[in-house]
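Given next are the chains, with one letter for each unit.
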Amino acid sequence: MAPWTSLAPDGSLEPVHIHGVGDTSVHLCLPAARGAELTELGWATPHQYADFGTEFLIYGLRCAPELDVVLSLIEESIAFARQPDGEQLLGHISA
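Because the structure is predicted, anything quoted here is derived from the model rather than measured. (Residues numbered from 1 in each chain as written. Predicted model: local features only at pLDDT ≥ 70, side-chain atom pairs only at ≥ 80, totals over all residues. Heavy atoms only, no water.)

Trainee: Help me out: how do you make sense of the pairing of strand E4 (residues 55–58) in this one?
Mentor: Two faces, one strand: in a regular strand the side chains alternate between the faces of the sheet. Here E4 shows a buried face lined by Glu-55 and Leu-57 and a second buried face lined by Phe-56 and Ile-58. Relative to E4, strand E2 (residues 26–29) runs antiparallel, the two being bridged by 4 bridges. Across the sheet, the residue bridging to Cys-29 is Glu-55, located in E4. The sheet contact formed by strand E3 (residues 44–46) and E4 spans 3 bridges and is antiparallel. Residue Thr-45 lies in a different strand from E4, and its bridge partner there is Leu-57. (Buried < 20%, exposed > 50% of the residue type's maximum accessible area, 1.4 Å probe, protein only. Helix = DSSP H or I, 4+ residues; strand = E, 2+ residues; numbered from the N terminus. Pairing = 2+ DSSP bridges.)

Trainee: Is there a simple way to think about helix H2 (residues 66–82) in this case?
Mentor: Think of an α-helix as 3.6 residues a turn; residues three or four steps apart then line up on the same face. Across its 17 residues, H2 extends 25 Å between first and last C-alpha, which sits within 8% of the 24 Å expected from 1.5 Å per residue. Every buried residue belonging to H2 is among Glu-66, Val-69, Val-70, Leu-73, Ile-74, Glu-76, Ser-77, Phe-80 and Ala-81, and all of these are buried. Burial along H2 is one-sided: seen end-on, the buried residues are contained in an arc of 155 degrees. Those residues of H2 that are exposed and aimed more than 90 degrees away from the buried face are Asp-68, Glu-75 and Arg-82. (Expected span 1.5 Å × (residues − 1). Arc of directions from axis to C-beta.)

Trainee: Can you help me understand the nonpolar core in this one?
Mentor: As a rule of thumb, nonpolar side chains are buried together in soluble globular proteins. In this structure, Val-26, Leu-28, Leu-38, Ile-58 and Leu-73 are the most contacted members of the largest nonpolar core, which totals 13 residues. Looking at this core, the elements with two or more residues in it are E2, E4 and H2. Of the residues forming this core, the biggest block, 4 residues, is contributed by H2. (Core = buried A, V, L, I, M, F, W, Y, C linked by side-chain atoms within 4.5 Å.)

Trainee: What should I look at first to understand the environment of His-17 in this one?
Mentor: The residue His-17 is located in strand E1 (residues 16–18) in this model. Once the C-alpha coordinates of His-17 and Ile-74 are considered, the two residues, 57 residues apart in sequence, prove to be 8.9 Å apart. Sequence-distant contacts of His-17, that is, excluding residues within four places in its chain, are made with Leu-7, Ser-25, Val-26 and His-27. A polar side-chain atom of His-17 sits 2.7 Å from a polar atom in the side chain of Glu-14. Of note is the side chain of His-17, whose polar atom sits 3.3 Å from the side chain of His-19. (Contact = heavy atoms within 4.5 Å. Polar contact = N/O pair within 3.5 Å; in protein donor to acceptor, adjacent residues only side chain to side chain.)

Trainee: It is not clear to me how the sheet that holds E4 should be interpreted in this structure. Could you clarify?
Mentor: Neighbouring strands of a sheet are bound in pairs by backbone hydrogen bonds; such pairs are parallel or else antiparallel. If you trace the 4 strands from one edge of the open sheet to the other, you get E1-E2-E4-E3, paired in antiparallel fashion. Looking at which strands have only one partner, the edges of the open sheet turn out to be E1 and E3. Along the sheet, successive strands turn relative to each other by an average axial angle of 25 degrees, direction set aside. Sheet strands in contact with helix H1 (residues 32–41) are E3 and E4, and its direction is about 30 degrees off that of E4. On top of the sheet, H2 reaches E1, E2 and E4; it is set at about 35 degrees to E2, its chief contact. (Axes fitted to C-alpha atoms, helices over the stretch in contact; angles between N-to-C directions.)

See the structure below:
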């Protein structure tokens, strides 16, 4: 496991976590360039405790159709954790 692919400070692998039913925001790890793209598009912001520039907050859902977008970002985060040094399969979310 590469440390920049995990949110867990104890060294365990945690590429993503959801904040619950009351707050549907998500913390996840993505390649820095992808996170910057999502930030530019208004989907994300850098995590306030980002150590590697790969930790981002994905805003909570505003409507049901956004669920597909957030699920695809979770899949990207898991793929990033599985192959942090390899070619990344990046989604294409637009504004």
